[in-house]
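Remarks on the overall topology
Here's the letter readout for the chains.
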Amino acid sequence: MVVGSVSRGCQVVVIGAGPGGYVAAIRLAQLGKDVILVEKNATLGGVCLNVGCIPSKALIHASELAHEVAHAENMGLSIEGLSVDLPKMVEWKDGIVERLTSGVAFLCKQNGVEVVHGAAEFVSDRKLVVASEDDRVEIEFEQAVIATGSRPMALDGFPHDGEKIIGSTEALSLQSVPERLVVIGAGYIGLELGTVYAKLGSKVSIVEFLPKVMPDLDAEVGKALTRQLKKLKVGLHLSHRAESFEPGDPSVVVARGPKDEELRFDADVVMMSVGRLPNVEGLGLDAAGVTTDEKGFITVNDKMQTSAPGIYAIGDVVGGALLAHKAYQEAKVAAGVIAGEPAAFDSLVPAVIYTDPEVAWVGLGEGEAKEQGHNVVTGSFPFKASGRAMSLDSTDGFVKAIADADTKQLLGVVAVGRGVSEFIGEATLALEMGAFLEDVALTIHPHPTMSEALQEAIEGALGQAVHMVNK
Amino acid sequence: MFVFNFPDVGEGIHEGRVVEWLVAEGDPVTEDQPLVKVETDKAVVELPSPHTGTVLRLHAAADAEIFVGDPLVTIGSPDEELPEEVAGEKESAAAPSTSPKAVGPEAPAPQTGVARRPLATPRTRALARKLGVDLQQISGSGSGGRITDEDLQRAADGGGPAPPAPTAPSAPVGVVAATADGEVERVPITHLRKMIANAMRASKHNAAHVTHVDEADVTDLVEHYRRSKPVIEERSGVRLTLLPFFIKALVTNLQKYPIFNASVDEEKQEILYKKYYNIGIAVDTPEGLIVPVIRDADSKNLVELAGEVADKAERARSRELSLDEIRGGSCTITNIGPLGGVFATPIINQPELAIVGLHAIKERPEVVNGEIAIRKMMYLSISFDHRYIDGAEAARFMSDLVRLVSEPMVLMARL
């Protein structure tokens, strides 16, 4: 034992105070457990609250507003001299982050969760050490929950310096709008933040190794996104491999195209968004007996149990969809199992990309449904035919329902369009309740809303749509 | 290893009761060998083994209520280790490769290897975890096959491991308890009784029942019957009764009045005139009413009909009828006469539209050609669904039926 170290004991220790960790800690405390929550950073809330979901949505909204008012002449609105004060925008965003992270700290305190700051490392399957600049705390626990999250993946030849080569974190706190922004990777982070800077006035080029945008989603989704990127004058370079970086003023990103041709992109700033890696290094997983898969994600069962008895893992660090709401649910499952409840993860995970237009989906895609042996029927309603979409001047996109043609059970929903994130929860509920097409078709959707498109798409799958011509 | 689930034996039957296991755990079985007797709707069926192998586990106790899709038996090789939870490793939970003895349509096609989400709400899925019930093994009784909380409760209550030596069910034994009014014996309602209760209530609820009664002078018919009976019995070895004559008379009359041999597709609002004459015969058994069906009665002679009626009545009483033998009727006869009474108002055996009651034959003074004579008289009734058949039509139908049974030569001419 190191001199000056403190030894502590608790029933459950939770490592990481992101959406998985803080929810697990609070729920465990609610279930009567004595909980210590360990967080490496100064603030709680993890990537989601500090440098992820929330701050990016704040900037997305602000940039959308700027873009919208600057393009509202057809509605009779002309704005003279619209200027973007990025430092002010970032300050507003930081205020939101501050409110939310302190809110999490407040909730932890109110629920009796003790927070210990520092980096945790297992020394055995019942003990870990939390090291910070000031001290070293040994914590003996009965059970542990690993919720250490994920971080952006790096790409060889593109050394992160936080100024010329940045990640999503820095992209949320730039002090000026870069004239030329090159985004490497057309995943959801690259698309979301690339769109933000395009709307704020940057000339954005996106370099993507794969031949399609969102290749796992319905082909219509990629088409709709590509169309909008073109409208924003974003250069989308698919099937291009980012090869090297030449610093300078401007710097140059060298990429290789599908016909082996070399392309050079001038860049004031390069943003890397090529994927994310689990945070498992330095955790001492071996000492605890916790195993990982070949990509480093911790392997768990549907009770969120790892290979080490009494040790659980949740959130991004276990892989799957790297989404805060998946982590929330896994946190509640782990807490329930620890408290002796018969909990297990069996939920559908909806997903949203806050591009313009938004993309949201849940359940099975058309291809997946066919792979599972369903005789598939689909119905699709375009927002071009929606009164609400017209009144919002946002008629891009559609809602598509995927169902079993024989049983008429709803299997999945894909939506592209403004505000579709707000009603994908309804589709998720329908799927969780085992809804049949008629269940949704016979449910009144308020008019005029974007959510009517879900009802129309489903009526379309039944061959009963009223506001479009049935196929 | 193969888990044999209670298959869909057709005709909308989704539950049954294990009557008797014909094999025990550890027994070798061959394909098609009967495994278990299961009481469904109105019959006891023997389910044959879909595979050759060894019985590793019986999943339902004798007398247990089972639902379509419930695991019945696990068959594998003798040295195979039985996993704690068979669910994850079983073959597709679909129908066996062999049908149970004489059943209707096959169960739905097997699913692909990819596990589909069970059709149950999050709350029900949580309850399944609490009760330790595998949702993949449950066939839902809710809307569109949704698994309900009640389905789970039933599975949890009835799905225990089989006892070491399954035995045939004993007669229901009641629990006698003293009440303020005296002793009361509480006896559980049998599966068959529940089925009868539901069918009767549904028929009374759905159909517009009217009973029309007519009377027939069957003196001549009885005379012919008495004369021919010893000859026929000697030649055929079959005991002849009067019932086959009435079956023939009914079929002849149904050919003239097809609406009495019909049913109705309520959903499509169409009348289904049956081009076959499958006559149900209500049989009184110790456990309750069972209605075996004489198929294609129009193409069978009196001796064949007599033999078949006797055989099916006997097997109804011993509960050995297959499902095929109790379904598919187009019109029904209830022969209540031998038990006495004047006449009754039977309930229609839905989805049929009519049931003919044969009541007691009694000698009564009648006026024949202006003189009083002792004649053999009987009441014949028809209960019909007035939604689709009018009273006048029923009166004409009965008047013709009366004529057929009153004048055997007319009947013979039509046969």
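Below you will find a few notes about this structure.

Cut-off values and rules
- Residues numbered from 1 in each chain as written.
- Chains lettered and ligands numbered in written order.
- Predicted model: local features only at pLDDT ≥ 70, side-chain atom pairs only at ≥ 80, totals over all residues.
- Helix = DSSP H or I, 4+ residues; strand = E, 2+ residues; numbered from the N terminus.
- Buried ≥ 20, exposed ≤ 12 C-beta atoms within 10 Å, placed from the backbone.
- Contact = placed C-beta atoms within 7 Å.
- Axes fitted to C-alpha atoms, helices over the stretch in contact; angles between N-to-C directions.
- Left-handed = near helix turned anticlockwise from the far one by under 90°.
- Nonpolar A, V, L, I, M, F, W, Y, C, P; charged D, E, K, R; others polar.
- Pairing = 2+ DSSP bridges.
- Core = buried A, V, L, I, M, F, W, Y, C linked by C-beta atoms within 7 Å.

1. Quick notes on the overall build of chain B
Counting secondary structure elements, chain B contains eight helices and 20 strands. Sorting the 415 residues of chain B into buried and exposed places 36% on the buried side. Counting contacts in chain B only where the partners sit at least 6 residues apart, residues at least 24 apart contribute 63% of the total.

2. Details of the packing of helix α3 (residues 53-70) of chain A against helix α4 (residues 86-110) of chain A
Residues and elements named next belong to chain A. Between α3 and α4, whose axes approach to 9 Å, the crossing angle comes to 145°. Every pair of crossing elements has a handedness; the one defined by α3 and α4 is right-handed. Between α3, through I54, P55, A58, L59 and A62, and α4, the contact on the second element is made entirely by M89, K93, I96, V97 and L100. Here the residues of the contact of α3 with α4 are counted per class, giving nine nonpolar, no polar and one charged.

3. Some thoughts on the pairing of strand β2 (residues 15-21) of chain B
Along any regular strand the residues' side chains alternate between the sheet's two faces. Residue and element names in this part refer to chain B. The element β2 is largely enclosed, with a buried count of six among its seven residues. Here four bridges tie β2 to strand β4 (residues 34-39), and the two strands are oriented antiparallel to one another. The residue of β4 that forms the bridge with R17 is E39.

4. Here's the deal with the interface of chain A and chain B
The partner chain B presents 13 residues to the twelve residues of chain A that form the contact. In terms of residue class, the side of chain A that touches chain B is made up of four nonpolar, five polar and three charged.

5. Some words on unusual backbone geometry
Backbone torsion omega between A:D356 and A:P357 reads 0°, so that peptide bond is classified as cis. As for its placement among the helices and strands, A:P357 is situated in the loop between β18 (351-353) and β19 (358-363). Omega for the peptide link from B:Q350 to B:P351 comes to 10°, which places this bond in the cis form. Looking at where B:P351 falls in the secondary structure, it is placed in the loop between β18 (331-335) and β19 (354-368). One non-glycine residue, A:D260, adopts positive backbone phi at about 65°. Mapped onto the fold, A:D260 is located in the loop between β13 (251-256) and β14 (262-267). Even without being glycine, A:K408 reaches a positive phi, approximately 70°. Relative to the helices and strands, A:K408 resides in the loop between β21 (398-404) and β22 (410-417). Residue A:K408 is classed as partly exposed on the basis of its 18 C-beta neighbours within 10 Å.

6. Remarks on the environment of B:G145
All names here are of chain B. Looking at the element boundaries, G145 is found in the loop between α1 (122-131) and α2 (149-158). Spatially, the C-alpha atom of G145 lies 9.8 Å from that of P118, the residues being 27 residues apart in sequence. In this view, G145 contacts L119 and G140; residues no more than four positions away in its chain are not counted.

7. Considerations on the nonpolar core
The biggest cluster of nonpolar side chains holds 144 residues, and the ones touching the most others in it are A:V14, A:A24, A:A25, A:V145, A:I314 and A:A334. For this core, the leading source of residues is helix α9 (residues 324-338) of chain A, giving eight residues. Beyond its immediate stretch of four places on either side in the chain, A:A25 contacts A:V14, A:V35, A:L37, A:C108 and A:V113. Counting residues in hydrophobic clusters, the runner-up holds 79 residues, among them B:A43, B:V218, B:L221 and B:C331.

Any functional reading would require information beyond the geometric quantities listed.
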